[in-house]
Amino acid sequence: MPRIVRDAEIVWEGTTARGSGVVSALSSGSFALPTTIASRVGDPEGKTSPEELLAAAHASCYVTSLGSELARAGTPPERMEVHCRITMDEVGDLGHLVVASAITARGVVPGCDQSAFARAAEDAHLACPLSTLIKASATVTIDAVLEGGS
């Protein structure tokens with residue numbers, strides 16, 4: 001796989017407490033999302049946060065790793081659904097840190113049983129670059145459920 005480089009930026013107006021920003025995907029132009037500190041620590045009110053973007057990135061990365069592992073095993077998926085929940089918490093004197101990323105993966109995979117799906121899910125976790133990045137400082141859990149198939 002070639003080196004992958006992607007760019008995003010945020011333009012913020014005002015103070016952290018009262019201001020707001022728009023985070024944009026520069027490489028693809030696929031989104032420009034509003035964000036505020038209030039939406040980060042409280043009700044999102046239709047705005048995003050770094051934690052939500054990290055959850056989306058981890059889910060996207062993981063689903064491609066899982067699909068690749070299933071195809072490598074000779075059981076390409078028909079459909080996969082991956083949910084990711086990022087948890088940030090205050091950790092002693094270190095301040096606020098991402099402490100967990102919980103992945104729930106569901107798939108419709110003809111010819112695959114639950115055991116093989118769980119094995120592919122764990123292999124996908126080991127191969128996923130964002131899992132590797134996150135598990136350096138937080139707990140990553142994987143829950144894999146095969147729907148249909150076998």
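Since the structure is predicted, the reported quantities are computational estimates derived from the model, not experimental observations.

**Structural notes on the sheet that holds strand 6 (residues 139-146)**
Here we have three strands laid out as an open sheet, ordered 4-5-6, and mixed in their pairing. If you trace the sheet from one side to the other, it starts and ends with strand 4 (79-91) and strand 6, each paired once. On average, each strand axis in the sheet is inclined to that of its neighbour by 15 degrees, with strand direction left out of account. Alignment of strand 5 (residues 95-108) against strand 6, held across eight bridges, turns out to be parallel. Across the sheet, the residue bridging to Ala-100 is Thr-139, located in strand 6. Running over the sheet, helix 2 (residues 50-72) touches strand 4, strand 5 and strand 6 and is turned about 140 degrees from strand 4. In the packing of helix 3 (residues 114-127) onto the sheet, contacts are made with strand 5 and strand 6, and the angle to strand 6 comes to roughly 150 degrees.

**A word on the pairing of strand 3 (residues 32-35)**
As defined by bridge partners, strand 2 (residues 20-25) adjoins strand 3 across four bridges and the pair is classed as antiparallel. In the sheet register, Val-23 faces strand 3, and the bridge partner there is Leu-33. Linking strand 2 to strand 3, which pair antiparallel, is a turn of six residues; within it Gly-29 sits at a positive phi near 70 degrees.

**Let's talk about unusual backbone geometry**
Positive phi, normally seen in glycine, also occurs at Glu-45, with a value near 45 degrees. Mapped onto the elements of the fold, Glu-45 is located in the loop between helix 1 (37-41) and helix 2. What makes Glu-45 exposed here is its relative accessible area of 60%.

Quick notes on the rules
- Every chain's residues receive numbers from 1 upward, in the order its sequence appears when written.
- Whole-chain, interface and lining totals are the exception, using all residues; otherwise, since this is a predicted model, local features are given only for residues with pLDDT of at least 70 and side-chain atom pairs are given and counted only at 80 or more.
- Excluded from the side-chain calculations are hydrogens and water; all other atoms, namely the structure's heavy atoms, are used.
- The criterion for strand pairing is that DSSP finds at least two bridges linking the strands in question.
- Helix and strand assignments follow DSSP, with helices taken as H or I runs no shorter than four residues and strands as E runs no shorter than two, numbered in order from the N terminus.
- Only the contacting stretch of a helix is used when fitting its axis, a line to C-alpha atoms as for every element, and angles between N-to-C directions run 0 to 180 degrees.
- Should any heavy atoms of two residues lie within 4.5 Å, those residues are considered in contact.
- Partly exposed describes any residue whose relative accessible area lies between the buried limit of under 20% and the exposed limit of over 50%, with all areas from a 1.4 Å probe on protein chains only and scaled to the type maximum.

The quantities given are spatial measurements derived from coordinates; they are silent on function.
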